[in-house]
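What follows is each chain in one-letter form.
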Amino acid sequence: MLRRGLLAWVSRVVVLLVLLCCAVSVLYMLACTPKGDEERLGLPRANGPTGKEGYQAALQEREEQHRHYISSLKRQVAQLKQELQERGERLRSAQSHPSDAAGLRLEPGPPEKTQADLLAFLRSQVDRAEVHAGVKLATEYAAVPFDSFTLQKVYQLETGLTRHPEEKPVRKDKRDELVEAVESALETLNSPAEGNPNRRPYSASDFIEGIYRTEKDKGTLYELTFKGEQKHEFRRLVLFRPFGPIMKVKQEKLNMANTLINIIVPLAKRVDKFRQFMQNFREMCIQQDGRIHLTVVYFGKEEMNEVKGILENTSKAANFRNFTFIQLNGEFSRGKGLDVGARFWKGSNVLLFFCDVDIYFTSEFLNTCRLNTQPGKKVFYPVLFSQYNPAIIYGHPDAVPPLEQQLVIKKETGFWRDFGFGMTCQYRSDFINIGGFDLDIKGWGGEDVHLYRKYLHSNLIVVRTPVRGLFHLWHEKHCADELTPEQYKMCMQSKAMNEASHGQLGMLVFRHEIEAHLRKQKQKTSSKK
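None of these values were measured; they are calculated from a predicted model.

> What is the right way to look at helix H5 (residues 172–189) in this model?
Given 3.6 residues per turn, any residue in an α-helix points the same way as the ones three and four places further on. Between its first and last C-alpha atoms H5 spans 26 Å; for 18 residues at 1.5 Å apiece the expected length is 26 Å, and the two agree. Those residues of H5 that fall on the buried side of the exposure criterion are Glu177, Leu178, Ala181, Val182, Ser184, Ala185, Leu186, Thr188 and Leu189. Structurally, H5 contributes buried residues whose contacts are with strand S1 (147–149), strand S2 (154–155), strand S4 (207–215), strand S5 (219–227), strand S6 (233–241) and strand S7 (247–255).

> Whenever I open this one, the environment of Arg282 confuses me. Can you help?
Within the secondary structure, Arg282 sits in helix H6 (residues 271–289). As a C-alpha pair, Arg282 and Ala317 span 35 residues in sequence and 9.7 Å in three-dimensional space. If we skip the residues at most four places from it in the chain, Arg282 touches Gln287, Ala317 and Ala318.

> For this particular structure, what's the right way to read the state of the cysteines?
Such a bond, covalent and formed between the sulfur atoms of two cysteines, is termed a disulfide. Counted by the stated rule, this structure contains one disulfide. A sulfur-sulfur separation of 2.2 Å characterises the disulfide bridge that pairs Cys369 with Cys425. Note on the Cys369 and Cys425 pair: the S-S dihedral is about -125°, so by sign convention the disulfide is left-handed. Pair noted here: Cys369 is in helix H9 (residues 363–371) and Cys425 is in strand S15 (residues 424–427), with a separation of 56 residues, a long-range link. Summarising the burial analysis for this pair, Cys369 and Cys425 share the class buried. In this structure Cys285 is not part of a disulfide, and its nearest cysteine sulfur, from Cys355, lies 8.7 Å away. With relative accessibility at 0%, the residue Cys355 sits in the buried group.

> I would appreciate a short explanation of the pattern of salt bridges in the present structure.
Two side chains bearing opposite charge may form a pair once their charged atoms approach each other closely. In this structure the tally under the stated criterion is 19 salt bridges. For the salt bridge of Asp176 with Lys172, the shortest nitrogen-to-oxygen distance reads 2.6 Å. With Asp176 and Lys172 both in helix H5, this residue pair falls four residues apart, about one helical turn. Between Glu180 and Arg241 there is a salt bridge, with the nearest N and O atoms lying 3.2 Å from each other. Placement of the pair is Glu180 in helix H5 and Arg241 in strand S6, with a sequence separation of 61 residues. Using a relative accessible area of 35% as the deciding quantity, one classes Glu180 as partly exposed.

Rules used in this analysis
The residue count restarts for each chain, going from 1 along the sequence in the order it is written. With pLDDT at 70 or above as the cut-off, local features in this predicted model cover only qualifying residues; side-chain atom pairs require 80 or more to be listed or tallied, and sums for whole chains, interfaces and linings still use all residues. Working from all heavy atoms in the structure, the side-chain values ignore hydrogens and water. Numbering of helices and strands runs from the N terminus, with a helix taken as a DSSP run of H or I at least four residues long and a strand as a DSSP run of E at least two residues long. By this rule, a helix spans an expected 1.5 Å times one less than how many residues it contains. Each residue is assigned to one of three classes by its accessible area relative to the maximum for its type, calculated with a 1.4 Å probe on protein chains only: buried under 20%, partly exposed between the two thresholds, exposed over 50%. The criterion used for residue contact is that any of the two residues' heavy atoms lie within 4.5 Å. Only a pair of cysteine sulfur atoms within 2.5 Å qualifies as a disulfide here. Salt bridges are identified by distance alone: a Lys or Arg side-chain nitrogen within 4 Å of an Asp or Glu carboxyl oxygen.

Treat this as a map of the structure, not an account of what it does.
As structure tokens, then:
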């Protein structure tokens, strides 16, 4: 009985275990059944390709997905770069102070609008610069001088002790700058828009001279002069580089054939100097230029007949009648002499050149005088080259060459007299309108600076530049005993500056040491023999 019960219980347990195994097998098969097409990534379907072909298809599908993903990333990187570049340009535009000052707003927009804004800014730089009208200045030290140049040389004021008053533009940036200006002018002159297609083309050989100056908050102004198609005719181009592309401002055709210059010379005694002056005048003004009137204003009567005799002899020898002699009484006054000479003219508006008797000029300078003046608009204040004492320059009075050979612009022969304002070219109408000289100033000095300041305070353009054809001839300077110790010291300093260059004065100061050194060297040489 007990055995039958145990067997029945064991059979039931076995049946239950079998049923449990079956259930587990069914659940396992359900869990391992492959998923649908939309969810399956790795395994092939039951009725699809199997084995190697199925796995290759799956790998190709994965590669295609990666390629799409990489392309998407590249597009996003390109978009980010473009946006970063645009934001950088906006930031630079916002930080541009000149643009703000000129009202320029370089916001992102059509290229035409951006180009128009840039052009407007460059035009505003031209308007701010002293191109079309003069700018009122407080003192004579505020004026920005021009430098002048030819194809070979540059004539500069700010030389210092290590540079030369005239030199070749050895610095590449300066040379390239001036060459570009000349080439740009030639391109304009030879453009088809200039008209006459049969005229000869302009070349660098037609370039005469140019002047330029840089206003550091605006740009560089160039005025370039070329030979014209006829005698006494010139072509001038004004260019401006507003710290960007060079721009043509205007082009003029200038005919100077009928432009007369009235040279006014105040004088008292100094017959020998006047004789030398008239030799230069006869060659440059009568023989070469031919468009000159001379006005001599003489103070006092001492040696007056000798001066008049020199004038009359020149008149007869050269058949020259275009001169005026005015005699004044009283103490010599340079300002009064020039003022009287300018107002004495009764003809039409004439170009005046205020000159001293110890000045030498060339015929080229006379054209420079004409080209840099314009009634009601422009006056010319050239910086002349002041000659050192020839006896010191050449070592001995007997070794001094003829005057024409002395007039060489070098560091050893002289200096730019940038503190002098006496030699000037201006139209009579401008001189009268500005009020002329201060006649209360007596003797030499002071009246020229006073007149120069009045022009600086006006709306006229003052052209200040060194010129290669205007020289101040050396003459001995006397320091009177009546001067105070301080005045005498200043007079001697001025005399020393006009005597010789820095190096030459040093050789004079140390000449005893130099002579002692030469004696020692000579003794050593003799002892070796």
